[in-house]
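Structural characterization, general
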Amino acid sequence: MAGHTRMYAVVGLTLVAAVTAGCSGSGSHAGSGNPASRSTTVSGQHQPAPTESNPPGDIPDNQVYVSYRPTGGSFTGFTLKVPEGWARTSQGGTTAFTDKLNTVKITAVSASGAPTVASVTNTVVPRLRSQVTKFSSPKVSEVTRHAGRVVLLTYQGDSAKDPVTGKVVRDAFERYAFYRAGHEVDLTLSGPVKADNVDPWRIVSDSFAWQ
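Now for a look at the structure at hand. This is a predicted model, so every value here is computed, not measured.

It is worth spelling out the sheet that holds strand β7 (residues 148-158) at this point. Note: strands within a sheet are paired through backbone hydrogen bonds, in either parallel or antiparallel orientation. Pairing within the open sheet is antiparallel, and its seven strands lie in the order β3-β4-β5-β9-β8-β7-β6. Strand pairing shows two members of the sheet lacking a second neighbour, β3 (87-91) and β6 (136-145), which therefore form its edges. The sheet shows a mean angle of 20 degrees between the axes of neighbouring strands, taken without regard to direction. Sheet strands in contact with helix α3 (residues 198-207) are β5 (102-110), β6, β8 (170-180) and β9 (183-192), and its direction is about 170 degrees off that of β9.

Here we take up the pattern of salt bridges. The full count for this structure, using the stated rule, is six salt bridges. In this structure, E184 engages R175 in a salt bridge whose closest nitrogen and oxygen atoms are separated by 4.0 Å. The burial state of E184 is the same as that of R175; both residues are buried. Residue D186 is joined to R175 by a salt bridge in which the shortest nitrogen-to-oxygen separation is 2.9 Å. One end of the pair, D186, is in strand β9; the other, R175, is in strand β8, and 11 residues separate them in sequence. For D186, a relative accessible area of 10% translates into the label buried. Salt bridges linked by common partners bring K134, D158 and R170 together as one network.

For the rest of this paragraph, the subject is the layout of surface pockets. Estimates place the volume of the largest pocket at around 1,000 Å³. Taken together, 39 residues form the lining of the largest pocket, with K105, Y155, F173, T188 and S190 sitting closest to its centre. Per-element tally for the lining of the largest pocket: the top contributor is helix α2 (residues 117-131), with seven residues. Partitioned by chemical class, the residues of the lining of the largest pocket number 15 nonpolar, 13 polar and 11 charged.

Rules and cut-offs
- Residues numbered from 1 in each chain as written.
- Predicted model: local features only at pLDDT ≥ 70, side-chain atom pairs only at ≥ 80, totals over all residues.
- Heavy atoms only, no water.
- Pairing = 2+ DSSP bridges.
- Helix = DSSP H or I, 4+ residues; strand = E, 2+ residues; numbered from the N terminus.
- Axes fitted to C-alpha atoms, helices over the stretch in contact; angles between N-to-C directions.
- Contact = heavy atoms within 4.5 Å.
- Salt bridge = Lys/Arg side-chain N within 4 Å of Asp/Glu carboxyl O.
- Buried < 20%, exposed > 50% of the residue type's maximum accessible area, 1.4 Å probe, protein only.
- 1 Å grid on protein atoms, 1.4 Å probe; cavity = no way out; pocket = protein on both sides within 12 Å on 5 of 7 lines; lining within 4 Å.
- Points joined across faces, edges and corners; volume = space filled by probe spheres on them.
- Nonpolar A, V, L, I, M, F, W, Y, C, P; charged D, E, K, R; others polar.

The following block contains the structure:
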(Lines give C-alpha, C1' and ligand atoms only; values in the text may rest on other atoms or scores of the structure.)
Protein backbone atom coordinates (compact mmCIF):
# COMPACT_ATOMS: atom_id res chain seq x y z
CA MET A 1 0.00 0.00 0.00
CA ALA A 2 2.83 2.38 0.81
CA GLY A 3 4.31 1.64 -2.61
CA HIS A 4 1.08 2.61 -4.31
CA THR A 5 0.97 5.81 -2.27
CA ARG A 6 4.50 6.78 -3.36
CA MET A 7 3.64 6.03 -6.98
CA TYR A 8 0.51 8.20 -6.81
CA ALA A 9 2.55 11.01 -5.26
CA VAL A 10 5.16 10.85 -8.06
CA VAL A 11 2.46 10.86 -10.73
CA GLY A 12 0.75 13.77 -9.04
CA LEU A 13 3.95 15.79 -8.90
CA THR A 14 4.67 15.02 -12.57
CA LEU A 15 1.22 16.25 -13.61
CA VAL A 16 1.60 19.44 -11.55
CA ALA A 17 5.01 20.13 -13.12
CA ALA A 18 3.64 19.56 -16.63
CA VAL A 19 0.68 21.90 -16.04
CA THR A 20 2.97 24.55 -14.54
CA ALA A 21 5.41 24.32 -17.46
CA GLY A 22 2.54 24.57 -19.94
CA CYS A 23 1.15 27.68 -18.29
CA SER A 24 4.61 29.20 -18.10
CA GLY A 25 5.27 28.52 -21.80
CA SER A 26 1.90 29.97 -22.79
CA GLY A 27 2.55 33.13 -20.79
CA SER A 28 6.02 33.50 -22.27
CA HIS A 29 4.66 33.18 -25.81
CA ALA A 30 1.99 35.81 -25.21
CA GLY A 31 4.49 38.14 -23.63
CA SER A 32 6.92 37.85 -26.53
CA GLY A 33 4.10 38.28 -29.01
CA ASN A 34 3.02 41.68 -27.71
CA PRO A 35 6.37 43.46 -28.19
CA ALA A 36 6.70 41.93 -31.64
CA SER A 37 3.24 43.17 -32.50
CA ARG A 38 4.08 46.63 -31.22
CA SER A 39 7.35 46.61 -33.19
CA THR A 40 5.53 45.68 -36.38
CA THR A 41 3.02 48.46 -35.86
CA VAL A 42 5.74 51.07 -35.37
CA SER A 43 7.88 49.89 -38.27
CA GLY A 44 4.82 49.74 -40.50
CA GLN A 45 4.08 53.41 -40.01
CA HIS A 46 5.18 55.91 -42.67
CA GLN A 47 7.98 57.74 -40.92
CA PRO A 48 8.86 61.22 -42.26
CA ALA A 49 11.92 61.41 -44.50
CA PRO A 50 15.07 62.60 -42.71
CA THR A 51 15.71 66.31 -43.00
CA GLU A 52 18.37 67.17 -45.57
CA SER A 53 21.48 68.74 -44.13
CA ASN A 54 21.49 71.29 -46.96
CA PRO A 55 18.53 73.04 -48.62
CA PRO A 56 17.83 72.02 -52.23
CA GLY A 57 20.45 73.53 -54.51
CA ASP A 58 23.11 74.09 -51.85
CA ILE A 59 26.49 72.99 -53.15
CA PRO A 60 28.28 70.91 -50.46
CA ASP A 61 31.18 72.53 -48.61
CA ASN A 62 33.41 69.60 -49.56
CA GLN A 63 32.79 70.01 -53.30
CA VAL A 64 35.97 69.48 -55.33
CA TYR A 65 36.81 71.83 -58.23
CA VAL A 66 38.86 71.02 -61.33
CA SER A 67 40.45 73.23 -63.95
CA TYR A 68 38.64 73.65 -67.26
CA ARG A 69 40.01 75.06 -70.50
CA PRO A 70 38.06 74.83 -73.76
CA THR A 71 39.66 72.83 -76.54
CA GLY A 72 37.42 74.10 -79.33
CA GLY A 73 35.19 76.98 -80.31
CA SER A 74 35.97 80.54 -81.33
CA PHE A 75 38.25 81.25 -78.39
CA THR A 76 40.19 79.00 -76.03
CA GLY A 77 42.49 81.43 -74.25
CA PHE A 78 41.15 81.16 -70.71
CA THR A 79 40.75 78.75 -67.82
CA LEU A 80 38.55 78.51 -64.74
CA LYS A 81 37.57 76.01 -62.09
CA VAL A 82 34.33 74.06 -62.32
CA PRO A 83 32.78 71.58 -59.86
CA GLU A 84 34.13 68.08 -60.38
CA GLY A 85 31.65 65.43 -61.51
CA TRP A 86 29.03 67.76 -62.97
CA ALA A 87 27.49 66.81 -66.32
CA ARG A 88 28.99 68.69 -69.26
CA THR A 89 27.15 69.76 -72.40
CA SER A 90 28.31 71.95 -75.31
CA GLN A 91 26.35 73.75 -77.97
CA GLY A 92 27.87 76.29 -80.32
CA GLY A 93 30.13 78.58 -78.32
CA THR A 94 28.51 77.67 -74.98
CA THR A 95 29.60 74.98 -72.53
CA ALA A 96 27.54 74.17 -69.44
CA PHE A 97 28.22 72.11 -66.33
CA THR A 98 25.10 71.01 -64.48
CA ASP A 99 24.30 69.10 -61.31
CA LYS A 100 20.72 68.79 -60.08
CA LEU A 101 19.52 72.39 -59.71
CA ASN A 102 22.77 74.29 -60.35
CA THR A 103 24.49 75.31 -63.57
CA VAL A 104 27.80 76.87 -64.61
CA LYS A 105 27.52 78.21 -68.16
CA ILE A 106 30.44 79.63 -70.18
CA THR A 107 30.05 81.49 -73.47
CA ALA A 108 32.95 82.96 -75.49
CA VAL A 109 32.26 85.58 -78.18
CA SER A 110 34.11 88.20 -80.14
CA ALA A 111 33.51 91.79 -79.01
CA SER A 112 34.56 95.15 -80.40
CA GLY A 113 34.84 96.71 -76.98
CA ALA A 114 34.75 95.97 -73.29
CA PRO A 115 31.28 95.59 -71.73
CA THR A 116 30.14 98.37 -69.43
CA VAL A 117 27.32 98.81 -66.97
CA ALA A 118 25.49 100.85 -69.60
CA SER A 119 26.01 98.38 -72.45
CA VAL A 120 24.87 95.41 -70.37
CA THR A 121 21.85 97.36 -69.12
CA ASN A 122 20.85 98.49 -72.60
CA THR A 123 21.54 95.32 -74.59
CA VAL A 124 21.87 92.24 -72.40
CA VAL A 125 19.01 92.93 -69.99
CA PRO A 126 16.37 93.41 -72.74
CA ARG A 127 17.59 90.24 -74.49
CA LEU A 128 17.38 88.16 -71.33
CA ARG A 129 13.98 89.63 -70.51
CA SER A 130 12.67 88.11 -73.73
CA GLN A 131 14.46 84.77 -73.21
CA VAL A 132 14.09 84.01 -69.49
CA THR A 133 10.67 83.10 -68.13
CA LYS A 134 9.48 85.62 -65.52
CA PHE A 135 12.74 87.57 -65.73
CA SER A 136 12.98 90.05 -62.83
CA SER A 137 15.19 92.05 -60.46
CA PRO A 138 18.07 92.89 -62.83
CA LYS A 139 20.99 94.69 -61.23
CA VAL A 140 24.16 95.65 -63.11
CA SER A 141 27.40 96.65 -61.42
CA GLU A 142 31.17 96.50 -61.70
CA VAL A 143 32.99 94.14 -59.36
CA THR A 144 36.55 92.95 -58.90
CA ARG A 145 37.66 89.38 -59.39
CA HIS A 146 41.18 87.97 -59.63
CA ALA A 147 41.10 88.56 -63.39
CA GLY A 148 40.35 92.27 -62.81
CA ARG A 149 37.28 94.46 -63.13
CA VAL A 150 34.23 92.73 -64.61
CA VAL A 151 30.62 93.65 -65.22
CA LEU A 152 28.20 91.64 -63.08
CA LEU A 153 24.51 91.23 -63.86
CA THR A 154 22.32 89.56 -61.25
CA TYR A 155 18.70 88.65 -61.89
CA GLN A 156 16.01 86.04 -61.24
CA GLY A 157 13.94 83.81 -63.50
CA ASP A 158 12.06 80.53 -63.69
CA SER A 159 13.86 77.34 -64.62
CA ALA A 160 12.67 75.08 -67.40
CA LYS A 161 10.01 72.59 -66.33
CA ASP A 162 11.47 69.36 -65.00
CA PRO A 163 10.61 66.66 -67.58
CA VAL A 164 9.97 64.08 -64.84
CA THR A 165 8.29 65.98 -62.00
CA GLY A 166 6.95 68.92 -63.96
CA LYS A 167 8.23 71.28 -61.27
CA VAL A 168 9.59 74.76 -61.97
CA VAL A 169 12.29 76.27 -59.73
CA ARG A 170 12.81 79.97 -59.12
CA ASP A 171 16.47 80.60 -59.95
CA ALA A 172 18.97 83.31 -59.05
CA PHE A 173 21.58 84.19 -61.70
CA GLU A 174 25.02 85.78 -61.62
CA ARG A 175 26.40 86.73 -65.05
CA TYR A 176 30.04 87.90 -65.23
CA ALA A 177 31.33 89.54 -68.43
CA PHE A 178 35.12 89.18 -68.76
CA TYR A 179 36.87 91.02 -71.60
CA ARG A 180 40.35 91.24 -73.12
CA ALA A 181 41.66 92.20 -76.56
CA GLY A 182 38.47 91.69 -78.54
CA HIS A 183 37.35 88.58 -76.65
CA GLU A 184 34.47 88.43 -74.19
CA VAL A 185 33.73 85.45 -71.97
CA ASP A 186 30.37 85.43 -70.22
CA LEU A 187 30.21 83.25 -67.12
CA THR A 188 26.67 82.60 -65.82
CA LEU A 189 26.11 80.84 -62.48
CA SER A 190 22.59 79.82 -61.51
CA GLY A 191 20.73 77.93 -58.79
CA PRO A 192 17.61 78.15 -56.60
CA VAL A 193 17.05 81.54 -54.99
CA LYS A 194 17.07 80.06 -51.46
CA ALA A 195 20.33 78.17 -51.94
CA ASP A 196 23.39 79.59 -50.20
CA ASN A 197 26.03 79.28 -52.90
CA VAL A 198 27.92 82.49 -52.26
CA ASP A 199 31.22 80.72 -51.56
CA PRO A 200 31.06 78.18 -54.43
CA TRP A 201 30.17 80.89 -56.95
CA ARG A 202 33.00 83.04 -55.62
CA ILE A 203 35.44 80.15 -56.10
CA VAL A 204 34.36 79.70 -59.72
CA SER A 205 34.27 83.40 -60.67
CA ASP A 206 37.55 84.14 -58.90
CA SER A 207 39.28 81.25 -60.68
CA PHE A 208 38.81 82.76 -64.15
CA ALA A 209 42.16 83.56 -65.77
CA TRP A 210 43.31 84.60 -69.24
CA GLN A 211 45.90 82.42 -70.94
